[in-house]
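Breakdown of the fold
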Amino acid sequence: MKLERIAELLEGVWGMAPREGKIVYEFIRDAKIRNILELGFANGASTMYLAAALDEAGAGSILTMDNQSAKVRRPNILDLMEKTGLGRYVTPVFADASYSWELMKLLEAESAPRFDFVFIDGAHTWETDGLAFFVVDRFLRPGGWLLFDDLEWTLGGGGMKDVPWVQDLPPEQKDTPQIEKVFNLLVRGHPRYTNFRRYANWGWAQKRLEAGAVDATAAVLDATYDRLGVAARAGKFVNRVLHKIRTGR
Ligand SMILES: C[S@@+](CC[C@H](N)C(=O)[O-])C[C@H]1O[C@@H](n2cnc3c(N)ncnc32)[C@H](O)[C@@H]1O
């Protein structure tokens, strides 16, 4: 499915913005990614951008996980699978408590590497996503990519700040961007990972290739961002300045 069409179908749906959708769509399509794991689908907007890119090749699959609470979203992922006609690429898992538990069950059932791309956009906490990184690593093929969303997000500054368990946290844990800690300390510090990229609120990392193997997906990623220009790479501050220059506001 063309990018313009999926963006049109997702208009008004909460979640991945069209500009971000364009980045993942073009990367998945151009890097010829086929097997995807996603943690945190919410309404399913990001999932549909990924599925639309797979549809351009007519092949691939997405295993995606969220909580039961995602069922009551309107539209929910099941509605979007039907509306877009992309449902055949997507297997949603509605966890009773957390994708941490679902990942344990997946590991128990099979531990062979089978994903080329994992998008982590769920709990955004050190405990949950730090563990997720190590489990997901077992499923990621050499040369496969990890993408972490919301490197700058904090529990105390986002939409969860009024949730009782968040209010009970020590200030340091509320105010620290926890995914940034996972990315900087666990992923960047891991000997099996390379080709780190930090663009705006996203962190990318590639699992090292097997000795002698070659691939061009890092160049594909850089070319994707090159086409999009400076705004796609920049963080909130630079984008605020660019917006001010463009609009005077
Ligand atoms: C930012 S939203 C995902 C947005 C989506 N990826 C998009 O871009 O359209 C985060 C989602 O993660 C889910 N989530 C958070 N912690 C989770 C956990 N431990 N297990 C399963 N889902 C979780 C939330 O229910 C929420 O729907």
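What counts, and at which threshold
- Residues numbered from 1 in each chain as written.
- Predicted model: local features only at pLDDT ≥ 70, side-chain atom pairs only at ≥ 80, totals over all residues.
- Helix = DSSP H or I, 4+ residues; strand = E, 2+ residues; numbered from the N terminus.
- Rg over C-alpha atoms; globule rule 2.2 N^0.38 Å.
- Contact = placed C-beta atoms within 7 Å.
- Expected span 1.5 Å × (residues − 1).
- Buried ≥ 20, exposed ≤ 12 C-beta atoms within 10 Å, placed from the backbone.
- Pairing = 2+ DSSP bridges.
- Axes fitted to C-alpha atoms, helices over the stretch in contact; angles between N-to-C directions.
- Parallel < 35°, antiparallel > 145°, perpendicular 65-115°, else oblique.
- Left-handed = near helix turned anticlockwise from the far one by under 90°.
- Near = placed C-beta within 6 Å.
- Nonpolar A, V, L, I, M, F, W, Y, C, P; charged D, E, K, R; others polar.
- Core = buried A, V, L, I, M, F, W, Y, C linked by C-beta atoms within 7 Å.

**Here's the deal with the overall build of the chain**
Per the secondary structure count, the chain includes twelve helices and seven strands. Relative to the globule expectation of 18 Å for 249 residues, the C-alpha radius of gyration of the chain, 18 Å, shows essentially globular dimensions. By principal-axis analysis of the C-alpha atoms, the chain measures approximately 45 × 45 × 40 Å. Contacts in the chain between residues far apart in sequence, at least 24 positions, make up 76% of those at least 6 positions apart.

**A short note on helix H2 (residues 18–30)**
In this model, H2 (13 residues) spans 18 Å end to end at C-alpha, consistent with the 18 Å of a helix rising 1.5 Å per residue. Within H2, the full set of buried residues consists of Gly21, Lys22, Ile23, Val24, Tyr25, Glu26, Phe27 and Ile28. Positive backbone phi, approximately 55°, marks Lys32, located one or two places after H2.

**As for helix H9 (residues 178–187)**
Listed in full, the buried residues belonging to H9 are Gln178, Ile179, Glu180, Val182, Phe183 and Val187. Each element contacted by the buried residues of H9 is listed here: helix H6 (126–139), strand E5 (140–148), strand E6 (193–199) and strand E7 (202–207).

**What about the pairing of E6?**
The pairing of E6 with E7 spans five bridges and is antiparallel. Its bridge partner lying in E7, Arg197 is registered against Trp204. The hairpin turn running from E6 into E7, its antiparallel successor, is two residues long, and Ala200 in that turn takes a positive phi close to 50°.

**Regarding the environment of Asn184**
With respect to the helices, strands and loops of the structure, Asn184 is situated in helix H9. It is 24 Å that separates the C-alpha atoms of Asn184 and Gly159, two residues lying 25 residues apart in sequence.

**Structural notes on the packing of helix H5 (residues 99–109) against H6**
Look at H5 against H6: their axes get within 10 Å of each other, and the N-to-C directions meet at 20°. In this view, H5 runs roughly parallel relative to H6, as classed from their interaxial angle. Crossing handedness for the pair H5 and H6: left-handed. Packed against H5, whose contacting residues are Tyr99, Ser100, Leu103 and Leu107, the element H6 presents Thr128, Leu131, Ala132, Val135 and Arg138 at the interface.

**Section: the site of the ligand**
Within the structure, the ligand sits among 20 residues, and Gly15, Gly40, Ser46, Ser98 and Ala123 are positioned closest to it. Of all the secondary-structure elements, those providing two or more residues to the shell around the ligand are helix H3 (45–57), strand E2 (61–67) and H5. Here the shell around the ligand takes three residues from E2, the largest share from any one element. Tallied by class, residues from the shell around the ligand come to nine nonpolar, nine polar and two charged.

**Quick notes on the nonpolar core**
Residues Ile28 and Tyr49 are the most contacted members of the largest nonpolar core, which totals 59 residues. When sequence neighbours within four positions are dropped, the list of residues in contact with Ile28 reads Ile33, Leu50, Ala53, Leu54 and Phe117.

**A look at the sheet that holds E7**
Spatially, the seven strands line up as an open sheet ordered E3-E2-E1-E4-E5-E7-E6, and their pairing is mixed. What marks the edges here is a single partner per strand, and that holds for strand E3 (90–95) and E6. Sheet twist, expressed as the mean angle between neighbouring strand axes with direction ignored, is 15°. Summarising the sheet, strand E1 (residues 35–39) and strand E4 (residues 115–120) pair through four bridges and their orientation is parallel. Along E4, the bridge assignment pairs Leu39 with Ile120. The strands touched by H9 within the sheet are E5, E6 and E7, with E5 carrying the most contacts at an inclination of about 150°.

**Considering the packing of H6 against H9**
Two elements in contact, H6 and H9, have axes whose closest approach is 9 Å; the angle formed by their N-to-C orientations is 35°. H9 is crossed by H6, and the crossing has right-handed handedness. Contacts from Trp126, Asp129, Gly130 and Phe133 in H6 reach Gln178, Ile179, Lys181, Val182, Leu186 and Val187 in H9. Partitioned by chemical class, the residues of the contact of H6 with H9 number six nonpolar, two polar and two charged.

Remember, this is a structural readout, not a statement about activity or role.
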